[in-house]
Amino acid sequence: MDMDVQQLDSGVSPERLRHEQEQAHFNELYLLAPTGYFVVAFDGRILQANVAGARLIGVPRGAVGGHRFRDFVRRNWREEFDAFFESAINSRAPRRKQLEMTCADHGAPGPVLLASADGSGQACRIVVEPGDGKLAALERSEERFRRIVHCADEGIWEIDALGFITFVNPKMAALLGCEIEDLLEQPLVRFMDEEGRTRFEAHDVRRQHARGERVELKFLRCDGAELWTSAATTPIFDVAGNYLGTLALVTDITRSRASAERIWHQANFDELTGLPNRHMFRDRLAQEMRKADRGATFVALLFIDLDHFKEVNDRLGHAAGDTLLAEAARRVKACVRATDTLARLGGDEFTVILAGLERVGSVDRIAQAVVDALARPFDVLGESAGISASVGIALYPADARELPELISHADQAMYASKNAGRNRFSYFTQDLQEAALARQVIAADLREAIADQQFELLYQPIVSLRTGAVHKAEALLRWRHPTRGLLAPAEFIPFAESSGMIVEIGDWVFREAARQVRRWQRSIGPDFQVSVNKSPVQFRRDGGQYQGWLDYLRELQLPPQSLVVEISEGALQGGADALLGRLAQYRMLGLQVALDHFGTGYASLAYLKRYDIDFVKIDPSLAQTLDGEGGELALYEAIVAMAHKLGLKVVAEGVETAAQRALLVDAGCDYAQGYIFGHPMTAGELEALALRQAP
Ligand code: C2E
Ligand code: CA
C-alpha cells in the first residue's frame, strides 16, 4: 500500500480568514456530510464525530469521547496511522493517507482514505472517506450533495432502521422550527402527534413506493404548531437486502392543507351547530354499518325531529330559533357517548348513530334521555320556549340491510312517534313498515273520501248519572272505505294529520255535528249538546276556520254552546301560551270545551284552573281500576271535588259495568259514557235511545 502522506494545495489566504472559512465549512458539512468527520485530540482521543463518523466506528455519537481513533485502525495499519497522525496534528496543511479500518460502516472493514486538516498541535480534523482513490469524483459529488441539500427548497430527512433521525437538512429543521442538533438521533415520531403517527405508520416507509407517489405526513413543530408535509420516501437497503433506513423529501403543504381542510369542513359540517351534516352523516353511517358487520354488533339510528320548533321560530324569530337549535344540539350531545355521531340533517332534524351496540336496552335509555333533555324548557335570548322531540329508531342489521332503507325506516319510526302524540321515541318494526306503506295508500284515498262523502259520524250517548237521561252525545268519526270497510279513527286520523287533511275533515265533522245537534234540540230537548273531538295537531292548525264556523252556527240559528270541543290532555304539552290563545278563541265563538283523557298523566288539576274549560272527561283507564278495592274511588272523588270547586262538570268515560256506574254515582260524578249506556251508534239509534231514557 502507498504510505505517502500527500500534501495538498492549501490556498494562500491569511491564516485567520482561512481558519474561519474552514470552520464555517466544517460546521456546515459536519452534520450533513455522507463522510465521517472526526476531531481528534493530540493524544489520539476522539473529541467529536459527526453522524456518519459515529456510525462508521459503531459508537453512539454522544459516546465517542472515550475512544481513541487508533483503536479503529486495523492492527497492521496502526504504525502507518501513527505516522500520518503525527504529521497531521502538527501541520495546518492537509494530509492524506489510505489505510484500512476495523469498523467500517455497514459491512466488512475496508480501505479508507483519511484526510486531515488544520492540525494545531492540540487537535486535528480527520475526514474518512471510502478509500477507492476516486477522490476528485468524491469531492465533486460531495460538493454537489452539499449544494443540493442546502439550497433545496424541500426538507430532507433520513431515518435509520429503527426510525431514529440520522440526517436532516437546514430546510427541514426550519420547517420543524428546531435546531438540527435537536433533531438528530431522535425518533422521527417524536415530532408527530397521534394523528401524525397513525399516518406515518399507515404509510410504511420501509416499502418501496411507486415513483412520484407522495404521502401527506403530519408533524408537530417545536413550537407546537402543526406542520403538514407532502413527502416522497425512499427506503434504503444494503447489498444483502437489509433495510437500513429511509430518506425522504418533503414539501410544506400546511397552508394549502388548511384551506383544503376549511373547505372540507364546510362540506361536511353544519355551520350553526358544528355538527356533522347530512353528507358526513351518511359517510359515518356507512362506516359504522361496515364495522358492525365485522364486529357482530349492531347500530341504532335515531331520527330526532323537534316538535313545535317552527312555532318557536315564528314567535321569537330566527335568531332565537338558531340559539334553540344550538342548545338542542348540546343537550342531545350530552346524552350520547363521545364515540357516537350526532349530526344535523337540516332544519330541526337531527340524527344519532349509536354504534357497536350489543343490547337494545341501552338504546331505550339513550332515546329516553334525548326525549327528556329536549322536553326541558329552553331559555332563548331571555324568553322561555317549550319544545319536545319525536324520535324514531331503526336498527342495523335487524331493520334494514342497506343504508337508504335504514334511514327511511328511522324516519318512519320518527313519524310513528309524532302520530302517537310526540315527545316520545318509537322503534321501527315490521308493523310500522306496513303501517307506513298503508299510510301512503290511505293518504291517497283520503283525498277522495271527503269529495265522495265517505265519512260518517256515529254518536255515543253521554248520560246524566243522577237521572239516567241522555243529555249529550259524542260524535265519533268513521270512514266507510270503499274497499276496506268501516274504519275507526285510529286507522286514518294519523294519516289525515300528517297530510294536513285533518283540517278539512275536522271542518266537515264540525258542520255535520252542528246540523245534527240542531235536529236533536228539537226532538230530544233544547239543551242537548254534541261534542266533537280535536286532535292536538288539528287543534293547533284549525284557527283559520273559526269565522266560517261562527257564520255557519248563525245560519243554523244554533246557540254555539250546543257544541262542545274535546281537546286531549296531550294538546297541553304544546306550550301553555299557544293553548290559552286557542281556548280563548273557542270562548269567543261561544263553544264549550272538554278536556279529554284526563288522568293519563300529563295535565294536573292545576291546569283546570288555568284553562277555560267546561268539562273534564276522565280517561277510561281510570274507570277500569274502579272494580278493585276502591282506592281509585278516592281519586275520582278528589277529581270531582276539585272540578266542582272550579265550576266544571265531570264526565266519566269507559264505563262498562253496573258496579263502576254505582261507584261513580257515589263519587258525585255528573255524567258518564261507556258501553253500559251504549256503543257509538247512528244518529237515528241515538235519538231513539234518548227518547226511551227521557225522564
Ligand atoms: P276518544 O275521544 O277517547 O273517544 C272514545 C273512544 O272510546 C271511542 O273510540 C269509543 O268507541 C271508545 N269507547 C266508548 N265507550 C267505551 C267503553 O265503555 N269501553 C271502551 N273500551 N271503549 C269505549 P273510537 O270511536 O274508535 O275513537 C277513537 C278516538 O278517535 C277518539 O277517542 C277520538 O280521540 C278520536 N276521534 C274520534 N272522532 C274524531 C274526530 O272527528 N276527529 C278527531 N280528530 N278525532 C276523532
Ligand atoms: Ca273524546
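Further up the page is the structure itself.
Source: prediction; values computed, not measured.

Chemist: A description of the overall build of the chain should follow, citing residues and the corresponding values.
Modeler: Across its full length, the chain carries 24 helices and 27 strands. Per-residue burial over the chain gives 49% buried out of 695 residues. Relative to all contacts within the chain whose residues are 6 or more apart in sequence, the contacts with residues 24 or more apart total 61%. Accessible surface computed for the chain: about 32900 Å², of which carbon and sulfur atoms make up 51%.

Chemist: Break down the pattern of salt bridges for me, citing the residues and quoting the values.
Modeler: Inspection of the entire model under this criterion finds 31 salt bridges. Arg-331 serves as the salt-bridge partner of Glu-327, at 3.0 Å between the closest nitrogen and oxygen. Of this pair, Glu-327 and Arg-331 both sit in helix H11 (residues 318-335), 4 residues apart, roughly one helical turn. As a salt-bridge pair, Glu-512 and Arg-515 come within 2.6 Å of each other at their nearest N and O atoms. Highlighted residues: Glu-512 and Arg-515, both in helix H16 (residues 502-523), separated by 3 residues, approximately one helical turn. Among the residues examined, Arg-515 registers a relative accessible area of 28% and is labelled partly exposed. Overlapping salt bridges bring together Asp-193, Glu-195, Arg-199, Lys-218 and Glu-226 as one network.

Chemist: Give me the lowdown on the coordination of the calcium ion (ligand 2), citing residues and values where you can.
Modeler: Within the first shell, the calcium ion (ligand 2) binds the protein through Glu-474 (OE), Asn-533 (OD1), Glu-566 (OE) and Asp-596 (OD), at distances of 2.1 to 2.3 Å. On the basis of relative accessible area, Asn-533 is assigned to the partly exposed category, the value being 29%.

Chemist: Explain the sheet that holds strand S7 (residues 155-160) to me, and be specific about the residues and the numbers.
Modeler: Ordered in space as S8-S7-S11-S10-S9, the 5 strands form an open sheet in which the pairing is antiparallel. Each edge of the open sheet carries a strand with a single partner, namely strand S8 (165-168) and strand S9 (215-220). Each strand axis lies, on average, 35° off the axis of its neighbour in the sheet, ignoring direction. As judged from the 3 bridges shared by S7 and S8, these two strands associate in the antiparallel manner. Of the residues in S8, the one forming a bridge with Ile-159 is Ile-165. Of the strands in this sheet, S7, S9 and strand S10 (226-237) are in contact with helix H7 (residues 194-203), which crosses S9 at around 145°. Contacts from helix H8 (residues 254-268) reach S9, S10 and strand S11 (243-252), with the element oriented near 120° to S10.

Chemist: Talk me through the packing of aromatic side chains; I want residue IDs and the actual numbers.
Modeler: Enumeration over the complete set of coordinates arrives at 18 aromatic pairs. Summarising the aromatic geometry, the rings of Phe-455 and Trp-508 are spaced 6.2 Å apart at their centres and angled 40° between planes, so their arrangement reads as tilted. Placement of the pair is Phe-455 in strand S19 (residues 455-464) and Trp-508 in helix H16, with a sequence separation of 53 residues. Here Phe-455 falls in the buried class, since its relative accessible area comes to 6%.

Chemist: Provide a residue-level description of the site of ligand 1, including the pertinent values.
Modeler: The immediate surroundings of ligand 1 are formed by 20 residues, with Gln-460, Arg-478, Gln-538, His-597 and Glu-656 found nearest. Between ligand 1 and Gln-460, the relevant distance is 2.7 Å, taken from a nitrogen atom to a side-chain nitrogen or oxygen of the residue. The separation between an oxygen atom of ligand 1 and a polar side-chain atom of His-597 is 2.8 Å. When isolated, ligand 1 has an accessible area of 790 Å², and the protein chains bury 79% of it. For the shell around ligand 1, the secondary structure elements donating two or more residues are strand S20 (470-481) and strand S24 (592-598). The element that contributes the greatest number of residues to the shell around ligand 1 is S20, accounting for 4 residues.

Chemist: Requested: an account of the packing of H16 against helix H24 (residues 683-693), with residues and values cited.
Modeler: Here H16 crosses H24 at 25°, and the two axes come no closer than 11 Å. Comparing their axes, H24 and H16 come out roughly parallel. Crossing handedness for the pair H16 and H24: right-handed. Contacts between H16 and H24 involve Gln-516, Trp-520 and Ser-523 from the first element and Ala-683, Leu-686, Glu-687 and Leu-691 from the second. Taken together, the residues that form the contact of H16 with H24 break down as 4 nonpolar, 2 polar and 1 charged.

Chemist: Report on the packing of H16 against helix H18 (residues 546-556), specifying residues and quantitative values.
Modeler: Orientation of H16 relative to H18, taken along the N-to-C sense of each, is 20°, at an axis distance of 11 Å. With respect to each other, H16 and H18 are oriented roughly parallel. For the element pair H16 and H18, the recorded crossing hand is right-handed. Between H16 and H18, the contacting residues are Gly-506, Asp-507, Phe-510, Arg-511, Ala-514, Arg-515 and Arg-518 on the first element and Gly-548, Trp-549, Tyr-552, Leu-553 and Leu-556 on the second. Its residues assigned to classes, the contact of H16 with H18 shows 6 nonpolar, 2 polar and 4 charged.

Chemist: Hey, could you go over the side chain of Gln-516 for me, with residue numbers and the actual values?
Modeler: Summarising the element assignment, Gln-516 is placed in helix H16. According to the relative accessible area criterion, Gln-516 is buried, its value standing at 5%. Ignoring any residue separated from it by four or fewer positions in sequence, one finds Gln-516 in contact with Tyr-459 and Ala-683.

Chemist: Help me get a handle on unusual backbone geometry, residues and values and all.
Modeler: Residues Tyr-396 and Pro-397 are joined by a peptide bond in cis, for which omega reads 5°. Not every positive phi belongs to a glycine, and Gln-557 is a case in point at roughly 55°. Looking at the element boundaries, Gln-557 is found in the loop between H18 and strand S23 (563-568). Here Gln-557 falls in the exposed class, since its relative accessible area comes to 70%. Positive phi, close to 60°, is recorded for His-597, a residue that is not glycine. Assignment of secondary structure puts His-597 in strand S24.

Criteria and thresholds
Residues numbered from 1 in each chain as written. Chains lettered and ligands numbered in written order. Predicted model: local features only at pLDDT ≥ 70, side-chain atom pairs only at ≥ 80, totals over all residues. Heavy atoms only, no water. Helix = DSSP H or I, 4+ residues; strand = E, 2+ residues; numbered from the N terminus. Buried < 20%, exposed > 50% of the residue type's maximum accessible area, 1.4 Å probe, protein only. Contact = heavy atoms within 4.5 Å. Areas by Shrake-Rupley, 256 points an atom, 1.4 Å probe, with all protein chains shown as cover. Salt bridge = Lys/Arg side-chain N within 4 Å of Asp/Glu carboxyl O. Donors = N, O, S within 2.8 Å, 3.2 Å for Na, K, Ca; no water. Pairing = 2+ DSSP bridges. Axes fitted to C-alpha atoms, helices over the stretch in contact; angles between N-to-C directions. Phe/Tyr/Trp six-rings, centres within 6.5 Å; stacked < 30°, edge-to-face > 60°. Near = heavy atom within 4 Å. Polar contact = N/O pair within 3.5 Å; in protein donor to acceptor, adjacent residues only side chain to side chain. Parallel < 35°, antiparallel > 145°, perpendicular 65-115°, else oblique. Left-handed = near helix turned anticlockwise from the far one by under 90°. Nonpolar A, V, L, I, M, F, W, Y, C, P; charged D, E, K, R; others polar.

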